[in-house]
Amino acid sequence: MSFVERVIEHVRRVQQIAQGGARDKRVVINHGRHEAHALELLQRRKPGPSGRHYDDSERWLTDRLEWFVEELHWVLLAGAASELNLDERAALVDLGITLAARAPHDEFLGHPWITPLRLEWLTFRSVEIRSLSTSWWDLFESMTWPRIPRYCAELGLTDEEQGACRVTSAGELLLRLRGRDAVKWLLALEVQRTAGRRDQWRASTELLSELVAQRGLVHGTAPRHHDQPEDTSWIHLEKLSAMGIVEAIEEEGFASEGWQLTPLGEALLEEVAKGPEDPIGVLAQAIHEDELMVVVESRASAPTQTNEHVGAMLLHARMVAHEVRNALGPVQHASRALRSTVRDDTALTNAVELLDAIDRGVNRLHRFVTEAVRLVPPESRRVEPFSVLDAIADARKELGPDGVGSLNVETVPASADPLCHGNRGHFVLAMLNVLRNAQQAKGPDVRIAIRVDARNSSQVLLTIDDDGPGVPDAVREHIFENGVSYRQDGTGHGLASLRAVVEDIGGKVRCTTSELGGARFEIMLPAAEDSP
């Protein structure tokens, strides 16, 4: 399994833990405890001929122990010991170290949760992880990049919230990418988050620029004795080698002290270097800036978007990208037709030059959007029952601190809590679009009334009224089409997304006049069979 595949595997593992039923989801690894246990195991051994308590085959107990402990800890939390608490899992890790070291383990057998079957499994898994850790360090000196969990946290793919680990928006996107796109996404995140040449976890922009300029670094490795900690280029070159970006230059069958770019590395680094001209670079920068704003504005306690909303945002981004690309087609055609009309007229030389500038800009935007469409895959049709009232409540939270003047939700009958089948994240985003439309049309003092009618067991009628300026009759018929907006600052995509989501669930939506004086959106949805 490659380095990138291991990163993806860990992010998916964190996602499963966050969504699973582990008794104690806290991720707190006491490395000091496990180092002390390993040291005790070594001290129990009889000294060898050299006077040492261990030979080279036991090096993993010292310089590779942290990696071993982290990997076994995550394996246990992901399911093998999910019913145990944090202290019990730590004891299992100590037992795993003992088993991998082939040392006596009778002291652990008194615990009721160490069954014969679990002991057999842990013996096999511990030896396997030990073997894996040894093979990873055979050719690499770095003590940093093989530690996948820490790397994922440093890149912002995973995050901790109240001691429990979760997958971030950046991690969710990684799970949707494959091959070169996944590698490119990791590189883009490193570029956005790097702290310079001393950063051990993220390659500096200076290093990547040097690689592109020189097509590799002939003398790119660092001394083997770690006497230059201020320059971490060698760590990243080994990591980039594991990612397929660079490869060691060999001379007469032996690896030299140099690296060269692979064809994949040359292409990817040139794309990453484009920054805002590349869709992945734009997305990495946007995610990073959003995280910085949360810190700067001290909004850590504010409601955050759930992971399922990421899929909804990607669906919306894909629709916008498609629409922009479709709009560029006629522009390109018109530009070519105009060029052929003025080509033979010497008096219009300046016009031809302007057309050239237009072509360059349009072609650049077309390439950007085409790449964006390719990178944002169609959202899988995740159909599941969800509460309409809970989805509305989540959309209301996402309005932000400004909110609205008043928002009343009425259910008929009063005790109703209807369910629908569909993608819940998409539906939350659709409701958020409607609420934001009302908010932006009148301002934060807008009044919104939502009525959820569940009297018909086979359908749910959702009515959303506001007291804003309403939708003009001339626009109402086309209000759900892409690009159509009744506000001067509108994009025309929010209500088009609403219709797409509603129709995907199997429902219908229309716009009329509200009794409050503004707009009314009537949404008819099929009710789930198990709806209360």
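Being a predicted model, the structure only gives us computed values, none of them experimental.

## Some details on the packing of helix α16 (residues 424-442) against helix α18 (residues 494-505)
At their nearest, the axes of α16 and α18 sit 9 Å apart, and the two run at 145° to each other. Viewed along their axes, α16 and α18 form a crossing whose handedness is left-handed. The segment α16 lies against α18, with H426, F427, A430, M431, N433, V434 and N437 engaging G494, L495, S497, L498, V501 and I505. Within the contact of α16 with α18, the residues separate by chemical class into eight nonpolar, five polar and no charged.

## Some thoughts on the environment of L42
In this fold, L42 is placed in helix α2 (residues 31-44). Assessed through its relative accessible area of 7%, L42 is described here as buried. Taking the C-alpha atoms as reference points, L42 and A103, separated by 61 residues in sequence, lie 9.5 Å from one another.

## With respect to empty space enclosed by the protein
Inspection of every chain in the model, using the stated rule, returns three cavities of 30 Å³ or more. In this model, the largest cavity occupies a volume close to 50 Å³. If you list the elements that add at least two residues to the lining of the largest cavity, you get α1 (3-19) and α3 (65-80). Considering each element in turn, the lining of the largest cavity owes the most residues, four residues, to α1. Taken together, the residues that form the lining of the largest cavity break down as two nonpolar, one polar and four charged.

Reading the values: rules and limits
Residues numbered from 1 in each chain as written. Predicted model: local features only at pLDDT ≥ 70, side-chain atom pairs only at ≥ 80, totals over all residues. Heavy atoms only, no water. Axes fitted to C-alpha atoms, helices over the stretch in contact; angles between N-to-C directions. Helix = DSSP H or I, 4+ residues; strand = E, 2+ residues; numbered from the N terminus. Left-handed = near helix turned anticlockwise from the far one by under 90°. Contact = heavy atoms within 4.5 Å. Nonpolar A, V, L, I, M, F, W, Y, C, P; charged D, E, K, R; others polar. Buried < 20%, exposed > 50% of the residue type's maximum accessible area, 1.4 Å probe, protein only. 1 Å grid on protein atoms, 1.4 Å probe; cavity = no way out; pocket = protein on both sides within 12 Å on 5 of 7 lines; lining within 4 Å. Points joined across faces, edges and corners; volume = space filled by probe spheres on them.

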